[in-house]
Amino acid sequence: MTKQILIVDDDIGIRKITQITLQTIAGWDVLAAPSGQEGLAIAESVQPDVILLDMMMPGMDGLTTLKHLKSNPKTQAIPVIFLTAKVQISEQPEFSSLPILGIITKPFKAPNLVEQMRSLLNWHD
């Protein structure tokens, strides 16, 4: 069965390159949302296999979106990976207590994104 990925990022360029990368290299189905609010709605209705969530978005940021995802019984079990340019290695310990699988930093190289996701999710398809 094909994996389904939801990308939540306000940057259309990031959404498009991520979508193309995951579809082309991994063959996964990819949905995209430009905001936390839209991401929450899609996550609840579709229940993807994983959510790639940007940290820095206008309106509802990644942390707030994550809190909503984890407080909703319909979405709380969906794994979340932060996709962000704002995290430095030295800042990562503060994220260790969050209910996320990991952090992928932007910019990323297309093949590396798929490998990082497979590693974090333990998907060896």
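Residues numbered from 1 in each chain as written. Predicted model: local features only at pLDDT ≥ 70, side-chain atom pairs only at ≥ 80, totals over all residues. Heavy atoms only, no water.

### Focus: the overall build of the chain
The following threshold applies: For the purposes of this entry, the term helix denotes a DSSP run of H or I that reaches at least four residues, the term strand denotes a run of E that reaches at least two, and both are numbered from the N terminus. A radius of gyration in this sense is built from C-alpha atoms; the matching globule rule multiplies 2.2 Å by the number of residues raised to 0.38. Burial classes follow relative accessibility: with a 1.4 Å probe on protein chains only, a residue under 20% of its type's maximum area counts as buried, one over 50% as exposed, and anything between as partly exposed. Contacts are assigned to residue pairs with any non-hydrogen atoms lying within 4.5 Å of each other. Residue burial considers only the protein chains on display, and all accessible areas are found by Shrake-Rupley using a 1.4 Å probe.
If you tally the helices and strands in the chain, you get four helices and five strands. In terms of C-alpha radius of gyration, the chain reaches 13 Å, essentially the compact-globule figure of 14 Å for 125 residues. The principal-axis extent of the C-alpha atoms belonging to the chain is close to 35 × 30 × 25 Å. Counting all 125 residues of the chain, 42% fall into the buried class. In the chain, 62% of the contacts between residues at least 6 apart in sequence involve partners at least 24 apart. A total of about 6,600 Å² of accessible surface is found on the chain, and carbon and sulfur atoms cover 53% of it.

### Describing the packing of helix α1 (residues 12-26) against helix α4 (residues 110-121)
To keep things clear, this is the line we draw: Only the contacting stretch of a helix is used when fitting its axis, a line to C-alpha atoms as for every element, and angles between N-to-C directions run 0 to 180 degrees. When an angle is under 35 degrees it counts as roughly parallel; over 145 it counts as roughly antiparallel; between 65 and 115 it counts as roughly perpendicular; any other value is oblique. When residues are sorted by character, Ala, Val, Leu, Ile, Met, Phe, Trp, Tyr, Cys and Pro go into the nonpolar class, Asp, Glu, Lys and Arg into the charged class, and all the rest, Gly among them, into the polar class.
At a minimum axis distance of 9 Å, the contact between α1 and α4 shows a crossing angle of 75 degrees. Taken as axis vectors, α1 and α4 run roughly perpendicular relative to one another. Within the contact between the two elements, α1 uses T18, T21, L22, I25 and A26 and α4 uses A110, P111, L113, V114, M117 and R118. A breakdown of the residues in the contact of α1 with α4 according to their chemical character gives eight nonpolar, two polar and one charged.

### Here's the deal with unusual backbone geometry
Cis geometry is found at the peptide bond from K106 to P107, where omega equals -5 degrees. Along the chain, the position of P107 falls in the loop between β5 (102-105) and α4. A positive phi angle, close to 55 degrees, is found at Q47, a residue other than glycine. Mapped onto the fold, Q47 is located in the loop between α2 (36-46) and β3 (50-54).

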